[in-house]
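# Overview (structure and organization)
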Amino acid sequence: MDYFNYRRGKLFAEDVDIQAIAEKVGTPFYVYSHRTITRHINAVRDAFSGHPHIVCYALKANSNGALLRIFAREGFGGDIVSGGELFRARKAGIPSKKIVYAGVGKTGPEIRAALKAGILMFNVESNDELRAIDRIAASMKKRAPVALRVNPDIDAGTHPYITTGMKKYKFGIPVDEALESYRLAKSLKNIEIVGVQKHIGSQLTEMRPFVESAERIVSFVERLRSEGIGIKYLDMGGGLGIRYDDETPPEPHELLNRLIPLVKHTSCTLIIEPGRSIIGNAGMLVTSVLYLKSNDQKNFVIVDAGMNDLVRPSLYDAFHKIEPVAKKRRAEIKADIVGPICESGDFIARDRMIQEMRAGELLAVRSAGAYGFSMSSNYNSRPRPAEVLVDGDKFHVIRKRERIEDLIAHEQIPAFLK
Ligand code: LLP
C-alpha cells in the first residue's frame, strides 16, 4: 500500500494533489505522509509481539519537530547524536527515559545536558569517553547509565560510507577489547553499566548481518554476566533498509521474528534505533523543471532542487526513483536530472529514463523522507526548502521555506567594515 499514488494521471499524497501543494508553497519542498508514518510505526511496534522493548527513533534521519511529535505520541523514544538532537527530542515530548545517546565525539556540555535531562543511557564509543562521562557525572553528583557500543566486526554489505561495524571504521569498541572496557566501566564510581549496544550500518537489505551480529552480542552479554556484570538493555541499533529501487529488505516482523528468539533467554529489554525504515519512504522531494538542454551525448533536465536540498545522489551515488507529478502521453527520454548548483556532482539522477518534460512541470523524487532535509545545507546561498505534512485530505506546512534574509541572520559585520 502506497499513500503516494496516481489518480487520473496526477500524483497524490494521501488525498492531496501534489500540484496543489506546489501552487501554495512553491518548490522545491519535502512532503511527508502521516498515514505512511503511522503504518511504519505500527509495523515496528507489532513486530515485537509482546517482548519488552523501546523503539528509539534515530533523529538524524529526519528531526522535524512536527514529525517527532508523532513519534512521541506513539510512545517512541529517541536515538540522538548531539545536544541539538537532545533539545529537539525533549521539545517534542520524547521522555528522557527513552533517549539513548550515541556518537564518538560527545562534548562536555553535551554530556552534562544529557545527564541533567536524565536520559536512559549513553552509548559509549571509547574508554576515553567513558572516563570523561565518569568525571562529569562525579562533578554533578550523579551516576551515568551507560552501554558500550560494541563493534562486532561484521560486514554489513552496504555502502562503505554507511557501514560502521568493522574495525577499520571509527565506531564502537572492537568486540575483543570490549570486555576490558566493561571492566574499566565497572571500576568507575560514577558509571552505571546498564546495556550493550551495536549498530553495524545503514540501508541493510539482508537478514544475515543482523542475525550474525546479534548472535555475537548475545554471547558477549553472557560473558559479561559470567563476570558479574549485569545487563538490562540490549540495543541492536538501526540500519534496516528500504526499497529505493528493487531492493527487498526484510520487513520489521521478519527481522524481529529472528532476533527475539536469540535474545529471549537474556530477559533484556530490546532496544532498536530505526531511522530510514520509518521515515524514508514516507517522504518525497518535489521539484520544478526549470530548463531543458541537450548536447550530442546527453539530455539534461534542470530542476530547482539541488544537492543542497538532497545530497544523497551526489554523496553516495544513491538511487531515488523520480516520477512526473502529472503523467502525460509522451515519449520517454534518457536524461540527467540536475540541480542549479555549480558542481558537476550536483545531480539527482543520471542516465535515467523519464517522460519528456516541459519547463514548469513537477517531478517527485521518491524515498526522500530520511537523510533528505536533515542533510540539507545552504550551499550556493540557497534557502532550504519547505516541509509539508499531509494528513488525509489536508496538508500542513511543518517548516517554512527559509527566506533570503535567513541566510545572513547569524553573520556579523565588524565595525571596521561598516
Ligand atoms: N543508530 C545509530 C547509532 C546510527 O549511527 C544510525 C545511522 C541509526 C541508528 C539509524 O540508522 P537507519 O535505521 O536510519 O539506517 N546519511 C546516510 C545514512 C547514515 C546513517 C548513519 N547512522 C544516508 O543517507 O544513507
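## Notes on the domain arrangement of the chain
One can read the domain layout of the chain as domain 1 (4-32 + 280-408) and domain 2 (103-272). Listed as interface residues are 10 residues of domain 1 and, on the opposing side, 8 residues of domain 2. Both faces combined, the contact of domain 1 with domain 2 buries some 810 Å², and carbon together with sulfur accounts for 55% of it. Together, Asn281, Tyr316 and Phe319 form the three largest contributors to the area buried by domain 1 at its contact with domain 2, with a combined 50%. Scanning the region where domain 1 abuts domain 2 turns up 0 salt bridges. At the surface where domain 1 touches domain 2, the tally comes to 2 residue pairs in polar contact (both at pLDDT 80 or more).

## Quick look at the packing of aromatic side chains
Under the counting rule described, the total for this entry stands at 6 aromatic pairs. With a centroid separation of 4.1 Å and 25 degrees between ring planes, the pair formed by Tyr57 and Phe71 is classed as stacked. Separated by 14 residues along the polypeptide, Tyr57 in strand 5 (residues 53-58) and Phe71 in helix 3 (residues 65-73) bring together distant segments of the chain. Residues Tyr57 and Phe71 agree in their burial class; the two are buried. Between the aromatic rings of Phe71 and Phe76, the centroid separation amounts to 5.9 Å while the plane-to-plane angle is 10 degrees, which identifies the pairing as stacked. Considered together, Phe71 and Phe76 belong to a single accessibility category, that of buried residues. Clustering of aromatic rings is evident, with ring pairs tying together Tyr30, Tyr32 and Phe373.

## Quick notes on the pairing of strand 5
Here strand 5 lies mainly inside the structure; 5 of its 6 residues are buried. Sheet topology places strand 5 next to strand 13 (residues 269-272); 3 bridges connect them, and they run parallel. In the sheet register, Ile54 faces strand 13, and the bridge partner there is Ile271. Here 3 bridges tie strand 5 to strand 6 (residues 77-80), and the two strands are oriented parallel to one another. Each bridged residue has a counterpart across the sheet, and for Cys56 the counterpart in strand 6 is Gly77.

## Comments concerning the pattern of salt bridges
A pair can form between side chains of opposite charge whenever their charged atoms are brought close. A complete count under the given rule lists 25 salt bridges for this structure. We note a salt bridge from Asp351 to Lys298, for which the minimum N-O separation is 2.8 Å. One end of the pair, Asp351, is in strand 18 (residues 347-355); the other, Lys298, is in the loop between strand 14 (283-294) and strand 15 (299-303), with 53 residues separating them in the sequence. Since its relative accessible area comes to 43%, Asp351 is described here as partly exposed.

## Points about the packing of helix 2 (residues 34-47) against helix 9 (residues 252-263)
Running from N to C, helix 2 and helix 9 cross one another at 20 degrees; their axes reach a closest spacing of 8 Å. Relative to helix 9, helix 2 is oriented roughly parallel. Two packed elements cross with a definite hand, and for helix 2 against helix 9 that hand is right-handed. Residues Ala43, Val44 and Ala47 of helix 2 touch helix 9, and the partners they reach there are Pro252, His253, Leu256 and Ile260. When its residues are assigned to classes, the contact of helix 2 with helix 9 shows 6 nonpolar, 1 polar and no charged.

## Examining the site of the ligand
What surrounds the ligand is a group of 19 residues, the closest being Ser202, Glu273, Arg312, Tyr316 and Tyr371. Within the side chain of Ser202, a nitrogen or oxygen atom sits 2.3 Å from an oxygen atom of the ligand. Here an oxygen atom of the ligand sits 2.6 Å away from a polar atom, N or O, in the side chain of Arg312. Starting from 580 Å² of accessible surface for the ligand in isolation, the protein chains cover 91%. Its residues placed into classes, the shell around the ligand shows 6 nonpolar, 7 polar and 6 charged. Taken domain by domain, the makeup of the shell around the ligand includes at least three residues from each of domain 1 (4-32 + 280-408) and domain 2 (103-272).

Rules used in this analysis
- Residues numbered from 1 in each chain as written.
- Predicted model: local features only at pLDDT ≥ 70, side-chain atom pairs only at ≥ 80, totals over all residues.
- Heavy atoms only, no water.
- Domains from an automatic or database assignment.
- Contact = heavy atoms within 4.5 Å.
- Buried area = accessible area lost by both parts, 1.4 Å probe.
- Salt bridge = Lys/Arg side-chain N within 4 Å of Asp/Glu carboxyl O.
- Polar contact = N/O pair within 3.5 Å; in protein donor to acceptor, adjacent residues only side chain to side chain.
- Phe/Tyr/Trp six-rings, centres within 6.5 Å; stacked < 30°, edge-to-face > 60°.
- Helix = DSSP H or I, 4+ residues; strand = E, 2+ residues; numbered from the N terminus.
- Buried < 20%, exposed > 50% of the residue type's maximum accessible area, 1.4 Å probe, protein only.
- Pairing = 2+ DSSP bridges.
- Axes fitted to C-alpha atoms, helices over the stretch in contact; angles between N-to-C directions.
- Parallel < 35°, antiparallel > 145°, perpendicular 65-115°, else oblique.
- Left-handed = near helix turned anticlockwise from the far one by under 90°.
- Nonpolar A, V, L, I, M, F, W, Y, C, P; charged D, E, K, R; others polar.
- Near = heavy atom within 4 Å.
- Areas by Shrake-Rupley, 256 points an atom, 1.4 Å probe, with all protein chains shown as cover.

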